[in-house]
Each structure stands twice: as C-alpha cells, then as structure tokens.
Amino acid sequence: MTLEIRLMTVDDYEDVYALWSTSDGMNLGEEDSRAGIALYLERNPGCCFVGTEGGRLVGTALCGHDGRRGILRHLAVHQDARGRGLGKQLVRACLEALAAAGISKCNVSVMDSNAAGLCFWQHLGARVLEYDWRTLQLATGGRAGSTTGSQFTEKPMSNLMATLRAALHQLEQERATIDRQIATLRSVLGHTKAAPAAQPARTTMVRRRKMSAAARKLISQRMKALWAKRKAAAQTKGKH
Ligand SMILES: CC(C)(COP(=O)(O)OP(=O)(O)OC[C@H]1O[C@@H](n2cnc3c(N)ncnc32)[C@H](O)[C@@H]1OP(=O)(O)O)[C@@H](O)C(=O)NCCC(=O)NCCS
C-alpha cells in the first residue's frame, strides 16, 4: 500500500495521540490534550501533517513558528511503516510550510536519551547547537488549550533566593573541582606556573558543559596511569 501525507486536523487527534503514546522518545504533556492540540493547529495552519497508509494513520509531525523561528515536535512514524521514507517526507512538508511562511530556521527538541532520534535528525542534516545558556520556563497560570481561569502567580522571593543560593553553591563546588583538576594536570605535565585568576562564571560554565562525564573519566584514568608510571620510575631511580 502507498504511504501518503496530508494536513492534520483536530479529527485526527485520537489516532495521533495513540501513535505518540506508543512511540519511543516522546515527551507528552498537558499541551497534548485534545484542546491543546486544537489550539496548536488553529495557530499554525498548514504546518502540521499526518502520514496514512490505506486510510490508517501511521505518521505525525507537529510544526509551527513564532514569526521568527520554526519548531518541529512529536515526529513519529508507526513501527510497521518505518524505514520507507515517511519520516523524511513529513519533515520535508513541515520545512516547506515554514519556508513558505518566511521562516528560515527550524528547531527540534530531542531528548538526550533518544539516541536513535538524535541520529535520525543529524542524518537529515540537523546540527546540534551548543548553548551557553539555559531555557527557563514560567507558568502563565492558564490551562493548555483553555482561555478561562488564568491567573499568573509569582513565586515567593524567598524561594527564588534559595534557588539562587543553591545554584551558587553548586557552581562554587564545580569550580573547586576544575581548579583541582587543573592543578593535578599541571603537576603531571611538569608545570609549576601559578594557576591563573579564577575565570568569570560564564566561561566556567561553558568549560564545564564542554567537558562531559566521559571526558572527565578518561582524564582521571590517564592521570592515574601517569602517576603510576612516574612513581614506578622514581622507585627504579631510587634503587640505582
Ligand atoms: C525517527 C523516525 C520518525 C524515523 O521515521 P522513518 O519513517 O523510519 O524514517 P525514514 O524512513 O523517512 O528515514 C529517512 C532517512 O533517515 C534514515 N534514518 C531513519 N532512522 C534513522 C536513525 N534512527 N538514525 C539514523 N538514520 C536514520 C533512513 O535510513 C533514511 O535515510 P536515507 O534518506 O539516506 O535513505 C521513527 O523512527 C520514529 O518514529 N521514531 C520514534 C519517535 C522519535 O524518536 N521521533 C524523533 C524525535 S522527536
């Protein structure tokens, strides 16, 4: 049977939600309620698609933009229909809709744990953006898809101060760890120069983000091996 794609309508909701619910790598929230999806489709006409085979819904992609950047989410193809080009067709349809709306770039959020999904996007040419900032989120007080009963409430200042204090404490601990690692590496490499003045917080964060747990483990293993080698050499020298 032939795979076909068409625009998504709110009547597809039950089938679409069933597909999302059984697809790996999906992060579903209250915005994925029927009312939430109805609002999304209304705001982003011509941008969301489904794939069908013999009338059965086997693929979906939600896409929209804020007038500046496109966003593509919840791309899913049913297990039975994978590997036949439907995922790529859905992505292409979304990107063409964005281009026609005058949008030049489209972001995709993929969970770190979704290795297959990350691989798929990179295969299609998506580049992974390395940020030195974080995305924060505020609750508006409203409900997804509903226009009634919204009331924005600020968090008490004491909560915010506690959060900031905890963040500062964590950064200080991380800086201390990095300083220790630098000092050890310097000593292994035979440097005796004093450590440079502490870097501003932003640079420290960038460095921390770039050094993955795997890299830290590798450095620590290499350092242990070097120390063992130096110790053995010193012992041999002592014997002569
Ligand atoms: C990711 C997914 C949508 C791909 O759908 P699909 O219909 O099987 O993909 P296609 O058949 O269109 O593949 C298009 C191309 O990507 C390649 N590809 C497919 N899955 C891939 C993967 N996991 N890693 C690398 N490449 C992949 C295909 O080989 C094909 O390559 P080609 O164009 O060079 O021949 C599907 O596997 C899925 O629903 N996964 C679960 C949900 C998910 O992870 N979504 C993405 C994160 S939001």
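Quick notes on the overall build of the chain
Thought 1: Scanning the chain from N- to C-terminus turns up seven helices and five strands.
Thought 2: Element order for the chain, N to C, with α for helix and β for strand: β-α-α-β-β-β-α-β-α-α-α-α.
Thought 3: Within the chain, the proportion of its 240 residues that are buried is 16%.

Comments concerning the sheet that holds strand β1 (residues 3-7)
Thought 1: Taken in spatial order, the five strands of this open sheet run β1-β2-β3-β4-β5, and their pairing is mixed. Two strands in the sheet have a free side with no partner beyond their single neighbour: β1 and β5 (106-108). This sheet shows a mean twist of 25 degrees between the axes of neighbouring strands, independent of strand direction.
Thought 2: Two elements, β1 and strand β2 (residues 49-53), share five bridges in a ladder whose sense is antiparallel. Across the sheet, Arg6 pairs through a bridge with Val50, a residue of β2.
Thought 3: Set on the sheet, helix α1 (residues 13-22) makes contact with β2, β3 (56-65) and β4 (70-77); between it and β3 the angle comes to about 90 degrees.

Things to note about helix α4 (residues 115-123)
Thought 1: Taking burial as the measure, the nine residues of α4 include zero buried ones, a minor fraction of the element.
Thought 2: Downstream of α4 by a residue or two, Gly125 has a phi angle that is positive, lying close to 100 degrees.

Thoughts on the site of the ligand
Thought 1: Around the ligand there are 20 residues in total, and Gly25, Arg82, Gly87, Gly117 and Cys119 lie nearest to it.
Thought 2: Among the elements that take part in the shell around the ligand, α4 stands out by supplying five residues, more than any other.
Thought 3: Here the shell around the ligand is composed, by residue class, of eight nonpolar, eight polar and four charged.

What to know about the nonpolar core
Thought 1: Core analysis: the biggest nonpolar cluster contains 26 residues, and Cys48, Phe49, Ala61, Cys63, Leu90 and Cys94 have the highest contact counts within it.
Thought 2: Among the elements of the structure, α1, α2 (34-43), β2, β3, β4 and α3 (86-100) are those that each provide at least two residues to this core.
Thought 3: At seven residues, α3 tops the list of elements feeding residues into this core.
Thought 4: Residues in contact with Cys94, not counting those within four places in the same chain, are Cys47, Phe49, Ala61, Cys63 and Leu72.

Observations regarding unusual backbone geometry
Thought 1: Of note, His74 is a non-glycine position whose phi angle comes to about 55 degrees, a positive value.
Thought 2: Residue placement: His74 occurs in strand β4.
Thought 3: By the C-beta count within 10 Å, which is 22 here, His74 ends up buried.

Regarding the confidence of the model for the chain
Thought 1: The share of residues in the chain with pLDDT of 70 or more is 88%, and the mean pLDDT across the chain is 86.
Thought 2: Low pLDDT (under 50) marks residues 203-208, which in the prediction has eight contacts with non-local residues, meaning those over four places away or in another chain.

With respect to the pairing of β2
Thought 1: The pairing of β2 with β3 spans five bridges and is classified as antiparallel. Opposite Glu53, over in β3, you have Arg56 as the bridge partner.
Thought 2: Taking the residues between adjacent antiparallel strands as the criterion, β2 and β3 are bridged by two residues, where Gly54 takes a positive phi near 55 degrees.

Regarding the environment of Trp20
Thought 1: Secondary-structure assignment places Trp20 in helix α1.
Thought 2: Sequence separation between Trp20 and Ala76 is 56 residues; the distance between their C-alpha atoms is 6.6 Å.
Thought 3: Excluding its chain neighbours within four sequence positions, the residues that come into contact with Trp20 are Met26, Leu28, Asp32, His74 and Ala76.

Concerning the environment of Arg84
Thought 1: Relative to the helices and strands, Arg84 resides in the loop between β4 and α3.
Thought 2: Taking the C-alpha atoms as reference, Arg84 lies 8.5 Å from Leu3; in sequence the two are 81 residues apart.

What counts and what doesn't
- Residues numbered from 1 in each chain as written.
- Predicted model: local features only at pLDDT ≥ 70, side-chain atom pairs only at ≥ 80, totals over all residues.
- Helix = DSSP H or I, 4+ residues; strand = E, 2+ residues; numbered from the N terminus.
- Buried ≥ 20, exposed ≤ 12 C-beta atoms within 10 Å, placed from the backbone.
- Pairing = 2+ DSSP bridges.
- Axes fitted to C-alpha atoms, helices over the stretch in contact; angles between N-to-C directions.
- Contact = placed C-beta atoms within 7 Å.
- Near = placed C-beta within 6 Å.
- Nonpolar A, V, L, I, M, F, W, Y, C, P; charged D, E, K, R; others polar.
- Core = buried A, V, L, I, M, F, W, Y, C linked by C-beta atoms within 7 Å.
- pLDDT = per-residue confidence, 0-100.

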